[in-house]
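# Reading the structure
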Amino acid sequence: HNIDFYTTDERLAVPEVTLAEDDSRIFVGWYDRQSNTLLTDSTYQRTTNGAFFEPVYKDLRFTLLGLTAYNQSAVPTNTALTLSFAYRNQGTITIKDVKAALSGDDRIQILDPQPPSRTLRGNEASYQRSFFGPRNAIDAFTFIIDKNVPSGTEIPLTLTLTDEDGDSFKTVLSLTVK
């Protein structure tokens with residue numbers, strides 16, 4: 001995706017990016033290493049002899065997602081369940097003030113407040129092991145499934161990560177009542 005561009009023109013058109021429909025990355029803009037500038041407009045006033053464009057993306061990926069102590073295909077009702085999760089910034093830019101939210105329908109009662117917000121540099125994870133032990137605790141939500149939900153019922157939960165710009169990354173987890 002890197003583009004070398006040399007011209008004598010003062011203004012130049014910034015290349016366009018088209019992502020595949022199934023690509024969860026968010027294109028932020030182009031970074032010109034020649035001028036150390038993040039380009040977010042469609043044209044650019046050149047200040048050097050050329051430009052070297054690198055794409056800048058936001059890309060949060062879930063690296064851990066699962067229930068603690070229960071199989072998601074046989075979950076009890078009226079019991080506190082814990083959904084643990086971790087994520088990694090696979091993008092090329094620092095993503096600031098990432099907040100997690102868990103949502104479901106009215107059969108779910110979420111007990112925990114929101115986990116702490118995080119700022120992640122490129123390729124940094126919300127949870128990392130080190131020689132001295134974990135650097136951060138794994139994030140989690142605790143919730144209860146209503147006791148009147150019949151056995152075999154599927155319950156979808158949506159886990160959403162949202163940054164300070166309002167960009168969001170989602171995953172859906174389906175639980176089946178025992």
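Residues numbered from 1 in each chain as written. Predicted model: local features only at pLDDT ≥ 70, side-chain atom pairs only at ≥ 80, totals over all residues. Heavy atoms only, no water.

### Observations regarding the overall build of the chain
Helix and strand counts for the chain come out as zero helices and 14 strands. Secondary structure elements of the chain, listed N to C terminal, follow the sequence β-β-β-β-β-β-β-β-β-β-β-β-β-β. A buried classification covers 36% of the 178 residues belonging to the chain. Contacts in the chain between residues far apart in sequence, at least 24 positions, make up 67% of those at least 6 positions apart. (Helix = DSSP H or I, 4+ residues; strand = E, 2+ residues; numbered from the N terminus. Buried < 20%, exposed > 50% of the residue type's maximum accessible area, 1.4 Å probe, protein only. Contact = heavy atoms within 4.5 Å.)

### Some details on the packing of aromatic side chains
Counted by the stated rule, this structure contains four aromatic pairs. With centroids separated by 5.8 Å and ring planes inclined at 65 degrees, the aromatic side chains of Phe 27 and Tyr 57 adopt a geometry described as edge-to-face. Here Phe 27, found in strand β3 (residues 26-32), pairs with Tyr 57, found in strand β6 (residues 50-58); they are 30 residues apart in sequence, far enough to count as distant. Since its relative accessible area comes to 27%, Phe 27 is described here as partly exposed. When the ring of Phe 85 is compared with that of Tyr 87, the centres are 6.4 Å apart and the planes differ by 15 degrees; the resulting orientation is stacked. Take Tyr 87: its relative accessible area is 1%, and that puts it in the buried class. Aromatic ring contacts, followed pair by pair, group Phe 27, Trp 30 and Tyr 57 into a single cluster. (Phe/Tyr/Trp six-rings, centres within 6.5 Å; stacked < 30°, edge-to-face > 60°.)

### Some points on the confidence of the model for the chain
Here the chain averages 85 in pLDDT, while 80% of its residues score no lower than 70. Per-element confidence in the chain is highest for strand β13 (residues 154-162), whose mean pLDDT is 97, and lowest for strand β1 (residues 3-6), whose mean pLDDT is 53. (pLDDT = per-residue confidence, 0-100.)

### Focus on unusual backbone geometry
One non-glycine residue, Asn 78, adopts positive backbone phi at about 55 degrees. Relative to the helices and strands, Asn 78 resides in the loop between β7 (60-68) and β8 (80-89). At Asp 97, a position not held by glycine, the phi torsion is positive, near 55 degrees. Within the secondary structure layout, Asp 97 lies in strand β9 (residues 95-103).

### Digging into the sheet that holds strand β11 (residues 118-120)
Here we have four strands laid out as an open sheet, ordered β11-β9-β13-β14, and antiparallel in their pairing. The two strands at the open ends of the sheet, each matched to only one other strand, are β11 and β14 (168-176). In this sheet, neighbouring strand axes are inclined to one another by 30 degrees on average, regardless of whether the strands run parallel or antiparallel. Pairing analysis gives two bridges linking β9 to β11, with the strands arranged antiparallel. Within β11, the residue paired with Ile 95 across the bridge is Leu 120. (Pairing = 2+ DSSP bridges. Axes fitted to C-alpha atoms, helices over the stretch in contact; angles between N-to-C directions.)

### Describing the side chain of Arg 118
Considering the arrangement of structural elements, one finds Arg 118 in strand β11. Of note is the side chain of Arg 118, whose polar atom sits 2.8 Å from the side chain of Asp 139. (Polar contact = N/O pair within 3.5 Å; in protein donor to acceptor, adjacent residues only side chain to side chain.)

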